[in-house]
Amino acid sequence: MSDTTRASLPEVALGSAVLAADTARDLVKRAASAGIRSVTDTRDAALDQVQTRVRMVARAVAPGVIDELMPYLTSSVLPRFLDAALPLIEAKLLPRLMESAMPLIEARMMPRLLDAAIPLLRDKVVPIMIKDLTESEELRELITEQSRDVVADAAGDLRDSTAAADDRVEIGFRRLFHLSSSATAK
């Protein structure tokens, strides 16, 4: 058909129905006048031919019908359907799908994703994180505070160790010179 004489969807549907009815009527007339086959055979043959004719018409008409309906479906029907169905899909369908797909995702997809992601993380993300950490004033303050705590702990441990060593030296000195603890206190 040319663009100027293009049939509308109702016209195509009506024409297809008329063709199918004419085919069925012709077949029934031929079968009735021939009188060779039984009524059942005639009916079955007529139905087969009608179905064949309808399939041929549908194959010829369907692409045009789809082309005509697609703008309406995508602009009007599909958005309304998705708006109505999306809450149900999110609440009921997606959790079930994810739960049933998790073993497959873990077994097949995760190793591939990790193999692809680790080099990217190592090359791109880790250097940025290290740079951010080294330039972070908060992290510097935390490290300084922890360093002070470590030094204070070490100084306390050193004080305790030197006091214990001093006590041992004093005890050794007293034993060496046979002094009592009261004599050294004077």
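Everything that follows concerns the structure shown earlier in this document.
Scoring rules and cut-offs
- Residues numbered from 1 in each chain as written.
- Predicted model: local features only at pLDDT ≥ 70, side-chain atom pairs only at ≥ 80, totals over all residues.
- Heavy atoms only, no water.
- Helix = DSSP H or I, 4+ residues; strand = E, 2+ residues; numbered from the N terminus.
- Buried < 20%, exposed > 50% of the residue type's maximum accessible area, 1.4 Å probe, protein only.
- Contact = heavy atoms within 4.5 Å.
- Areas by Shrake-Rupley, 256 points an atom, 1.4 Å probe, with all protein chains shown as cover.
- Polar contact = N/O pair within 3.5 Å; in protein donor to acceptor, adjacent residues only side chain to side chain.
- Patch = residues over 30% accessible without salt bridge, like charges linked within 9 Å, V, L, I, M, F, W, Y side chains within 5 Å.
- Salt bridge = Lys/Arg side-chain N within 4 Å of Asp/Glu carboxyl O.
- Lys, Arg positive; Asp, Glu negative; His and termini not counted.
- Charge placed at Lys NZ, Arg CZ, Asp CG, Glu CD.

A. How the structure looks around the overall build of the protein. Along its length, the protein carries four helices and zero strands. In sequence order, the secondary structure elements of the protein are arranged as α-α-α-α. For the protein, buried positions account for 8% of its 186 residues. Residue pairs in contact within the protein that sit at least 24 positions apart in sequence constitute 37% of those at least 6 positions apart. About 15,700 Å² of surface is accessible on the protein, with carbon and sulfur atoms providing 63% of the total.

B. How the structure looks around the side chain of Arg174. Its place among the elements puts Arg174 in helix H3 (residues 137-177). Polar contacts involving the side chain of Arg174 include one to the side chain of Glu170, which spans 2.3 Å.

C. Representation of a nonpolar patch on the surface. Residues Met109, Met110, Leu113, Leu114, Ile118, Leu121, Val125 and Met129 make up a contiguous nonpolar surface patch of roughly 680 Å² in combined accessible area. Tracing the backbone shows Leu113 in helix H2 (residues 39-134).

D. Expanded view of a negative patch on the surface. Judged by side-chain charge, Glu137, Glu138, Glu141, Glu145, Asp149, Asp153, Asp157 and Asp160 come together as a negatively charged surface patch. For Glu145, the location among the structural elements is in helix H3.

E. Molecular detail of the environment of Thr74. Along the chain, Thr74 falls in helix H2. On the basis of relative accessible area, Thr74 is assigned to the partly exposed category, the value being 42%. In terms of polar contacts, Thr74 uses its side chain to reach the backbone carbonyl oxygen of Pro71, at 3.2 Å.

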